[in-house]
Amino acid sequence: MKTISKKSFQTRAVHAGERVPPADFTPVTTPIWTTVGYLYESMDDLDAVFDGNKRGQVYLRYSNPTVEAFENAIADLEVADAAQAYSSGMAAIHAALLAVGVKAGTAVVAALDVYGATFSLLNSLFKSMDVTLRMVDVTNHDEVESALKETHAVVLYAESISNPLLKVADIPALAELAHRYSASLLVDNTFASPYLFNPIAHRADMSIHSATKYISGHGDTLAGVVATSNENKKKLFELNKLVGSVLGPFESWLALRGLKTLPLRMKQHCQNAQQVAGWLAKHSRVAKVNYPGLVEHPQHALADKLFGGRYGGMLSFEIKGAGKAEVYRFMEALNVCLPATTLGDVYSLVLHPATSSHRSLTAEQRAQVGISDGLVRLSAGIEAVEDILSDLEGALKV
Ligand code: PLP
């Protein structure tokens, strides 16, 4: 450490007490490392770190010990070689698509019912950059195969559990199809979370999360992450060094802390959602419930097989004869379930997909996907289920 003890008060005020090398202790929990830069024994040392020949840090846009701790935790829980963290789920999706070779003149085959911003990213931004987009029902494997064959797509993109219709994708079968046609399979695993499902273990090439949701879990941070192979991690890392959509140390720390209770929260989310879905399915004002845990769900058996008898905390339902106005009155009458534009938090949350998550779609596009104006999405929180049910009961009377 360079000494500054003999310098002026002004200089000491800037430097005093700083840059004590890591001591001989290991903190139990990863601290928030907020430094942008680092000091080295010599410039040759820095050179070696830059080259990857010596372990170390270079610059906050490249890496950071707190961010790395979060990435390593995700890689572990997703049974992947590595992970790369992002400033949001959308940044993660964008980077993943670029890293596997989506560029002008290429094609993407994507599930029709994906999160609204993902739909718009593909349908507006990438299409405007001369990327061909074919949207398919990923539960129809003949349709997927024809699309892959006809477009020579570089990517097949799907959500393991879709937003907001809760369709379950057969990821092992889609991986086989994608690889047969030399495409990469990218899976948005946000709704399932690593607790329910590990796409990489089923031969997907990347598992993407909006870590804003179940992974962080408390509605207080925006984050994204991609779990993948070492080879793909290198591509994502090099890309992010240039683009810089990195996750900050504080957000990484929040996400890492969220992970610790993921299994406990998910257990309660799953239990509550199962009970709420069963209750709604019997309610006279409810026309339809989408939840993979219900035996009448078209992919119930598949969900059973892939998720091991747990079906997640998300569900959606249609209120009989309701349009936007009736759904809005229902949402305003709720007290425990909060109308909020997010999901996966400890709080129960409701959302009107037609005017929120899928607002960027035209009415025709929503109709094509199957999102009606009477559809409500519910993210079951970890509250006592009887309080959620009585809240829903009260609001359905309005
Ligand atoms: N994927 C899914 C399934 C989502 O629901 C969302 C956001 O709601 C995203 C991705 C985008 O994540 P973020 O808001 O963190 O950018």
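The shown structure was predicted, so the numbers you read here are calculated from the model rather than taken from an experiment.

Enquirer: Please provide a residue-by-residue account of the nonpolar core, values included.
Expert: By size, the foremost hydrophobic cluster in this structure holds 118 residues, and its most contacted members are Phe70, Leu97, Phe317 and Phe330. Once residues lying within four places of it in the same chain are set aside, the contact partners of Phe330 are Phe317, Ile319, Val376, Leu392, Ala395 and Leu396.

Enquirer: Kindly report on the pattern of salt bridges, identifying the contributing residues and their values.
Expert: Throughout the structure, instances matching the rule amount to seven salt bridges. Across the pair Glu150 and Arg134 runs a salt bridge, and its minimum N-O distance is 3.1 Å. Here Glu150, found in helix α6 (residues 141–151), pairs with Arg134, found in strand β3 (residues 132–136); they are 16 residues apart in sequence, far enough to count as distant. Among the salt bridges present, the one from Glu145 reaches Arg180, with a minimum N-O distance of 3.0 Å. Of this pair, Glu145 sits in helix α6 while Arg180 sits in helix α7 (residues 171–180), and the two are 35 residues apart along the sequence. If you follow the salt bridges from partner to partner, you end up with Glu145, Glu176 and Arg180 in one network.

Enquirer: Describe α6, listing the residues and the values that go with them.
Expert: Side chains of residues three or four places apart in an α-helix project in the same direction, reflecting 3.6 residues per turn. All of the buried residues along α6 are Val144, Ala147, Leu148 and Thr151. For α6, the angular spread of the buried residues around the axis is 95 degrees, confining them to a single face. Exposed residues on α6 whose side chains face more than 90 degrees from its buried face are Asp142 and Glu150. Buried positions along α6 lie against β2 (107–111), β3, β4 (155–159) and α7. For α6, the side-chain oxygen to backbone nitrogen distance between the N-cap and Asp142 is 3.2 Å, and the N-cap itself is Asn140. After α6 finishes, the residue His152 shows a positive phi value of roughly 55 degrees.

Enquirer: Describe the domain arrangement of the protein chain, with residues and values.
Expert: Domain annotation for the protein chain reports domain 1 (45–259) and domain 2 (263–396). For domain 1 versus domain 2, the distance between C-alpha centres works out to 25 Å. Taken together, the contact pairs 39 residues of domain 1 with 40 residues of domain 2. Summed over both partners, the interface of domain 1 with domain 2 buries about 3100 Å², with 64% contributed by carbon and sulfur atoms. Summed over the three residues of domain 1 that lose the most area to domain 2, namely Tyr195, Leu196 and Tyr214, the buried surface amounts to 24% of that side. On the surface where domain 1 and domain 2 come into contact, there are zero salt bridges. If you list the elements that add at least two residues to the side of domain 1 that touches domain 2, you get α5 (116–128), α7, α8 (193–196) and α10 (249–260). No other element matches the five residues that α5 contributes to the side of domain 1 that touches domain 2.

Enquirer: Give a description of the site of the ligand that names residues and reports values.
Expert: If you check the shell around the ligand, you find 15 residues, and the closest are Gly89, Met90, Asp188, Ser210 and Thr212. Within the backbone of Gly89, an N or O atom sits 2.9 Å from an oxygen atom of the ligand. Asp188 has a polar side-chain atom sitting 2.6 Å from a nitrogen atom of the ligand. Protein contacts shield 92% of the accessible area of the ligand, which totals 390 Å² for the unbound molecule. For the shell around the ligand, the leading source of residues is helix α4 (residues 89–99), giving three residues.

Enquirer: How would you sum up the sheet that holds strand β12 (residues 375–379)? Please name residues and give values.
Expert: Pairing within the open sheet is mixed, and its five strands lie in the order β8-β9-β12-β11-β10. This sheet does not close on itself; its edge strands, each paired only once, are β8 (286–290) and β10 (338–339). Two strands pair when backbone bridges link them, and strand β11 (residues 349–351) and β12 are joined in this way by three bridges, in the antiparallel orientation. Paired with Val350 across the two strands is Leu378, which belongs to β12. Sitting on the sheet, helix α11 (residues 262–281) touches β8, β9 (314–319) and β12, and the angle it makes with β9 is about 15 degrees.

Enquirer: So what's going on with the sheet that holds strand β5 (residues 184–188)? Which residues, and what values?
Expert: Taken in spatial order, the seven strands line up as β1-β7-β6-β5-β4-β2-β3 in an open sheet, and their pairing is mixed. Lying at the two open borders of the sheet, with one neighbouring strand each, are β1 (82–86) and β3. The sheet shows a mean angle of 20 degrees between the axes of neighbouring strands, taken without regard to direction. Across five bridges, the pairing between β4 and β5 is parallel. Across the sheet, the residue bridging to Ala158 is Val187, located in β5. Relative to β3, α6 is tilted by about 170 degrees, and along the sheet it contacts β2, β3 and β4. The strands touched by α7 are β4 and β5; relative to β5, the strand with the most contacts, the crossing angle is about 150 degrees.

Parameters and conventions
Residues numbered from 1 in each chain as written. Predicted model: local features only at pLDDT ≥ 70, side-chain atom pairs only at ≥ 80, totals over all residues. Heavy atoms only, no water. Core = buried A, V, L, I, M, F, W, Y, C linked by side-chain atoms within 4.5 Å. Buried < 20%, exposed > 50% of the residue type's maximum accessible area, 1.4 Å probe, protein only. Contact = heavy atoms within 4.5 Å. Salt bridge = Lys/Arg side-chain N within 4 Å of Asp/Glu carboxyl O. Helix = DSSP H or I, 4+ residues; strand = E, 2+ residues; numbered from the N terminus. Arc of directions from axis to C-beta. Polar contact = N/O pair within 3.5 Å; in protein donor to acceptor, adjacent residues only side chain to side chain. Domains from an automatic or database assignment. Buried area = accessible area lost by both parts, 1.4 Å probe. Near = heavy atom within 4 Å. Areas by Shrake-Rupley, 256 points an atom, 1.4 Å probe, with all protein chains shown as cover. Pairing = 2+ DSSP bridges. Axes fitted to C-alpha atoms, helices over the stretch in contact; angles between N-to-C directions.

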